[in-house]
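Observations on the three-dimensional arrangement
Residue strings, one per chain:
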Amino acid sequence: MTRVDSYRNIGSILLACLILMLPSLFNGFPLVYSDTGMYLKSGFEWFVPVDRPIVYGLLIRMSSFLGLWGIVIIQNLLLSFLLFFCGKELLSSRTEYYKWHVIICALLASFSSVGWYSGQVMPDIFVSFIPLSLFLIIGKNPNMLIRIVAGIICFLALLVHYSHIILGILIVLVLIAIAISKKRDSLSLKNLLAPIALIIVAGISLALINLRLDDHFGWSKGSSVFVIGKLLDSGNLQNILSEECDSGQASDLQWCTYVDQLPSDSRALLWSPESPIAKLGGWENSTEANNEIFKIIVSHPGYWPRIAADAGRSTLSQLTENSLGSGLVTDWYSKESSPPYQFVKKYFPNQMNSYLLSRQNGNLWEQGLSFNFLNNLNYVLIILSILLIFCSYMKRVSVKLNSELKLIRNLSLASIVLNALITGSLANVYDRLQSRISWIFILLALWILLILFQNLNKVWLRMKSSESST
């Protein structure tokens, strides 16, 4: 690679980073969500939340010399880096990819959900970093430096949320199955040693961070609460308690005291000060009572089909939830009672005017955010992309795609489905949790079209060359 090529690549990555930031720039301020306040508090007060790691909060603090724009710049720069080198690996004429990278990122920023998540002060965009970085680690890329940087990004993505560790484990299990089945000759178990090591080290690192800052060697203290909330929403908690609390063996369950006080949904269960969770001691101290429910489920196979059926329904439902603006359009963020308002004011007081004048908060001209048209367009593009991806498995199309495209296609699709499985089964079915990664459907479609176009162009050039020679 010449020095000119290096400059072009760097320029392409930086320009695409700016393009990916267009949604947040259009908003006039980094986009916030209700959980943004907790991440700010955790990072600036060295506080380990009961339900999430401190790592993302520390990233915000480390980049705070650029205000809240710092974390947004980092997210989009990492995203642009991954998209550039993943796309470059798929093309035969790799030196020209710097042109296509900017075009692809412009299309994604304009017509998909990606920029609305990479521009949020939330770790959601990092979930899509996992399959992209894993591809660079296990693919044919000969550049060791790129592999190392991809490994660092993957490690970081695993650290910012506990569910990302679970996703990483499941993805690697899928890759192990592919390697064992020999469906991809270039993928061997040896290739997967680095991803396995990353996941193990990330899991241990989170436990050690919690031990150092919170005297707790382990992950989330409140993970059991989310599962109980899911059981409530599915109706399984009510059924279990109604059956078990009337029996002589399980009538001493702590939850039996509250069998007639169950709220209607998990939101009230998790956050209401009058909920059974609060009466059982809160998120941390209700773990023992929650574990009693889990032990009953594990020891009674009769409950398994119900749990599995609900997990399947939730996964399928989650796959269809792809609205872009979930949780972004509300006037609550402009009120002093909201956590984003409180902690932006506390830690970034010089940015409060920009925060209140953002479109998300209605600005002076009442120019809010509207996602109706963009959502409709996004759904159409996702459906068309899925159809094209499906066609890519057909023999006539598949033979024109290289092995690297097939690898990242399978890896990405597995990640999208596994994300729906994890979030739908263990948390809530909610657009935000799927839309943060479903944009990869559109990305895969663009890459497939680009490779097919490249193949057609080669055929046309050969035909033109043969005509000129005759």
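Keep in mind that what you see is a predicted model, and the values were worked out from it rather than measured.

Helix and strand counts for the protein chain come out as 24 helices and zero strands. Considering only C-alpha atoms, the protein chain reaches an extent of 90 × 55 × 45 Å along its principal axes. Within the protein chain, contacts between residues separated by at least 24 positions form 74% of all contacts whose residues are at least 6 apart in sequence. Total accessible area on the protein chain stands at roughly 21400 Å², and carbon and sulfur atoms take up 63% of it. Once the 36 positive and 29 negative side-chain charges of the protein chain are each reduced to a mean point, those two points are 17 Å apart.

Here we come to the packing of helix H8 (residues 126-138) against helix H9 (residues 144-159). The geometry of H8 relative to H9 is characterised by a closest axis approach of 8 Å and an angle of 150 degrees between their N-to-C directions. Classified by the interaxial angle, the pair formed by H8 and H9 is roughly antiparallel. Handedness of the H8/H9 crossing: left-handed. Contacts between H8 and H9 involve Phe126, Phe129, Ile130, Ser133, Leu134, Leu136, Ile137 and Ile138 on the former and, on the latter, Ile146, Arg147, Ala150, Gly151, Ile153, Cys154, Leu156, Ala157 and Leu158. For the contact of H8 with H9, the per-class residue count stands at 14 nonpolar, two polar and one charged.

This part covers the nonpolar core. Ranked by size, the top nonpolar core spans 110 residues in total, and within it Ile60, Trp439 and Trp447 carry the most contacts. Top contributing element to this core by residue count: helix H5 (residues 69-90), with twelve residues. In contact with Trp439, not counting residues within four places along its chain, are Leu79, Leu83, Leu108, Ser112, Ser113, Val114, Ile125, Ser128 and Leu132. Formed by 23 residues, the second largest nonpolar core is a distinct cluster that contains Leu232, Cys245, Ala289 and Ile296.

What follows covers the state of the cysteines. Under the defined criterion, the tally for this structure stands at one disulfide. Each disulfide pairs two cysteine sulfurs, and for Cys245 the partner residue is Cys256, the sulfurs being separated by 2.1 Å. Taking the torsion about the S-S bond as the criterion, the Cys245 to Cys256 disulfide, at about -95 degrees, is left-handed. Residue Cys245 is located in the loop between helix H13 (236-244) and helix H14 (266-271), and its partner Cys256 is located in the loop between H13 and H14; the two are separated by eleven residues in the primary sequence. Summary of cysteine pairing: Cys86 is not part of a disulfide, and the nearest cysteine sulfur, belonging to Cys105, is at 11 Å.

So, about the packing of aromatic side chains. Scanning all chains against the criterion turns up 17 aromatic pairs. Judged by centre distance (4.9 Å) and plane angle (85 degrees), the ring pair of Phe84 and Phe85 falls under edge-to-face. Take Phe84: its relative accessible area is 0%, and that puts it in the buried class. Looking at Phe85, the relative accessible area reads 13%, which means it is buried. On the basis of an interplanar angle of 65 degrees and a centroid distance of 5.9 Å, the ring pair of Trp100 and Phe453 is categorised as edge-to-face. Placement of Trp100 in helix H6 (residues 97-111) and of Phe453 in helix H24 (residues 431-469) is noted, with a sequence separation of 353 residues between them. When its relative accessible area of 30% is taken as the criterion, Trp100 is described as partly exposed. The class for Phe453 is partly exposed, based on a relative accessible area of 45%. Every member of this aromatic cluster is reached through a ring pair, and the members are Tyr39, Tyr56, Phe126 and Phe129.

Turning our eyes to something else, we now look at unusual backbone geometry. Although it is not a glycine, Asp215 sits at a positive phi angle of roughly 55 degrees. By the secondary structure assignment, Asp215 is in the loop between helix H11 (193-214) and helix H12 (223-234). With a relative accessible area of 71%, Asp215 lands in the exposed category. Positive phi, close to 55 degrees, is recorded for Glu366, a residue that is not glycine. Along the chain, Glu366 falls in the loop between helix H20 (352-356) and helix H21 (372-391). Residue classification places Glu366 among the exposed positions, given a relative accessible area of 72%.

On to the layout of surface pockets, then. By volume, the largest pocket amounts to about 1500 Å³. Taken together, 50 residues line the largest pocket, and the ones lying closest to its centre are Asp35, Asp51, Arg52, Phe226 and Trp283. Taken together, the residues of the lining of the largest pocket sort by class into 26 nonpolar, eleven polar and 13 charged.

This part is about the side chain of Ser275. Structurally, Ser275 can be placed in the loop between H14 and helix H15 (276-279). There is a polar contact of 2.8 Å between the side chain of Ser275 and the backbone oxygen of Leu269. Contact partners of Ser275, with chain neighbours within four places excluded, come to Ala268 and Leu269.

For Leu198, the position within the fold is in helix H11. What makes Leu198 buried here is its relative accessible area of 17%. Separated by 47 residues in the primary sequence, Leu198 and Gly151 have C-alpha atoms spaced 7.6 Å apart. With residues up to four places along the chain from it excluded, the contact list for Leu198 reads Ile137, Gly151, Cys154, Phe155 and Leu158.

The next point concerns H21. With 20 residues, H21 extends 29 Å from end C-alpha to end C-alpha; this agrees with the ideal 28 Å at 1.5 Å per step. Listed as buried for H21 are Leu374, Asn375, Asn378, Ile382, Ser385 and Ile389. Relative to the axis of H21, the buried residues are bounded by an arc of 90 degrees and lie together on one face. Exposed and oriented more than 90 degrees from the buried face of H21 are Asn372, Phe373, Asn376 and Phe390.

It is the contact of helix H10 (residues 162-181) with H11, at a shortest axis distance of 10 Å, that shows an interaxial angle of 160 degrees. Classified by the angle between their axes, H10 and H11 sit roughly antiparallel to one another. When you trace H10 past H11, the crossing you get is left-handed. Seen from H10, the contacting residues are Tyr162, Ile165, Gly168, Ile169, Val172 and Ile176; seen from H11, they are Pro195, Ile196, Ile199, Ala202, Gly203, Leu206 and Asn210. Per-class residue counts for the contact of H10 with H11 are ten nonpolar, three polar and no charged.

The rules behind these values
Residues numbered from 1 in each chain as written. Predicted model: local features only at pLDDT ≥ 70, side-chain atom pairs only at ≥ 80, totals over all residues. Heavy atoms only, no water. Helix = DSSP H or I, 4+ residues; strand = E, 2+ residues; numbered from the N terminus. Contact = heavy atoms within 4.5 Å. Areas by Shrake-Rupley, 256 points an atom, 1.4 Å probe, with all protein chains shown as cover. Lys, Arg positive; Asp, Glu negative; His and termini not counted. Charge placed at Lys NZ, Arg CZ, Asp CG, Glu CD. Axes fitted to C-alpha atoms, helices over the stretch in contact; angles between N-to-C directions. Parallel < 35°, antiparallel > 145°, perpendicular 65-115°, else oblique. Left-handed = near helix turned anticlockwise from the far one by under 90°. Nonpolar A, V, L, I, M, F, W, Y, C, P; charged D, E, K, R; others polar. Core = buried A, V, L, I, M, F, W, Y, C linked by side-chain atoms within 4.5 Å. Buried < 20%, exposed > 50% of the residue type's maximum accessible area, 1.4 Å probe, protein only. Disulfide = S-S within 2.5 Å. Phe/Tyr/Trp six-rings, centres within 6.5 Å; stacked < 30°, edge-to-face > 60°. 1 Å grid on protein atoms, 1.4 Å probe; cavity = no way out; pocket = protein on both sides within 12 Å on 5 of 7 lines; lining within 4 Å. Points joined across faces, edges and corners; volume = space filled by probe spheres on them. Polar contact = N/O pair within 3.5 Å; in protein donor to acceptor, adjacent residues only side chain to side chain. Expected span 1.5 Å × (residues − 1). Arc of directions from axis to C-beta.

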